[in-house]
Amino acid sequence: VQLQASGGGLVQPGGSLRLSCVASENIFISVMAWYRQTPGKQRELVAGITAGNITNYPDSVKGRFTISRGSAKNMVYLQMNNLKPEDTAAYYCKARVPLDADYYDFWGRGTQVTVSS
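Since the structure is predicted, the reported quantities are computational estimates derived from the model, not experimental observations.

Undergrad: How should the side chain of Lys94 be read in this particular structure?
TA: Its location among the elements puts Lys94 in strand β9 (residues 89–99). Separated by 3.2 Å, the side chains of Lys94 and Tyr35 make a polar contact.

See below:
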């Protein structure tokens, strides 16, 4: 499964961006999520959504970011509003696929988000 993320770019503080991610195969994905990473730091969870549309967010983005899945369940979006300079990072899409009694995580390439005036 390959994941293709898009939608990053340069935006001013207070602005909005919408990231998209599509999986190459229309298979059952139990969880899709967005992570972000800046140089020298660990990758951190930004938003996650289950197949049943249960979402979770860290406090740092709660109320500003919204994750949703497309009508084609192999797509996920991240609506980011009221962006702050500290949101600047490479954003990565992840898909968790059940495999027997275990699971496998697939990662897409990052899309850069830069928040700057």
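Undergrad: Is there a simple way to think about the pattern of salt bridges in this case?
TA: Working definition: two side chains of opposite charge can pair if their charged atoms are close together. Counted by the stated rule, this structure contains six salt bridges. The residue Asp87 makes a salt bridge to Arg36 at a minimum N-O spacing of 2.9 Å. Of this pair, Asp87 sits in the loop between β8 (75–80) and β9 while Arg36 sits in strand β4 (residues 31–37), placing them 51 residues apart in sequence. Both residues of the pair, Asp87 and Arg36, belong to the buried class. The shortest N-O distance in the salt bridge between Asp105 and Lys94 comes to 3.7 Å. In this pair, Asp105 is assigned in strand β10 (residues 102–107) and Lys94 in strand β9, connecting sequence segments 11 residues apart. A residue is classified by how much of its surface remains accessible, and Asp105, at 23% relative accessible area, is partly exposed. A cluster of three or more residues bridged by salt bridges with shared partners is formed by Arg36, Glu44, Arg64 and Asp87.

Reading the values: rules and limits
- Residues numbered from 1 in each chain as written.
- Predicted model: local features only at pLDDT ≥ 70, side-chain atom pairs only at ≥ 80, totals over all residues.
- Heavy atoms only, no water.
- Helix = DSSP H or I, 4+ residues; strand = E, 2+ residues; numbered from the N terminus.
- Polar contact = N/O pair within 3.5 Å; in protein donor to acceptor, adjacent residues only side chain to side chain.
- Salt bridge = Lys/Arg side-chain N within 4 Å of Asp/Glu carboxyl O.
- Buried < 20%, exposed > 50% of the residue type's maximum accessible area, 1.4 Å probe, protein only.

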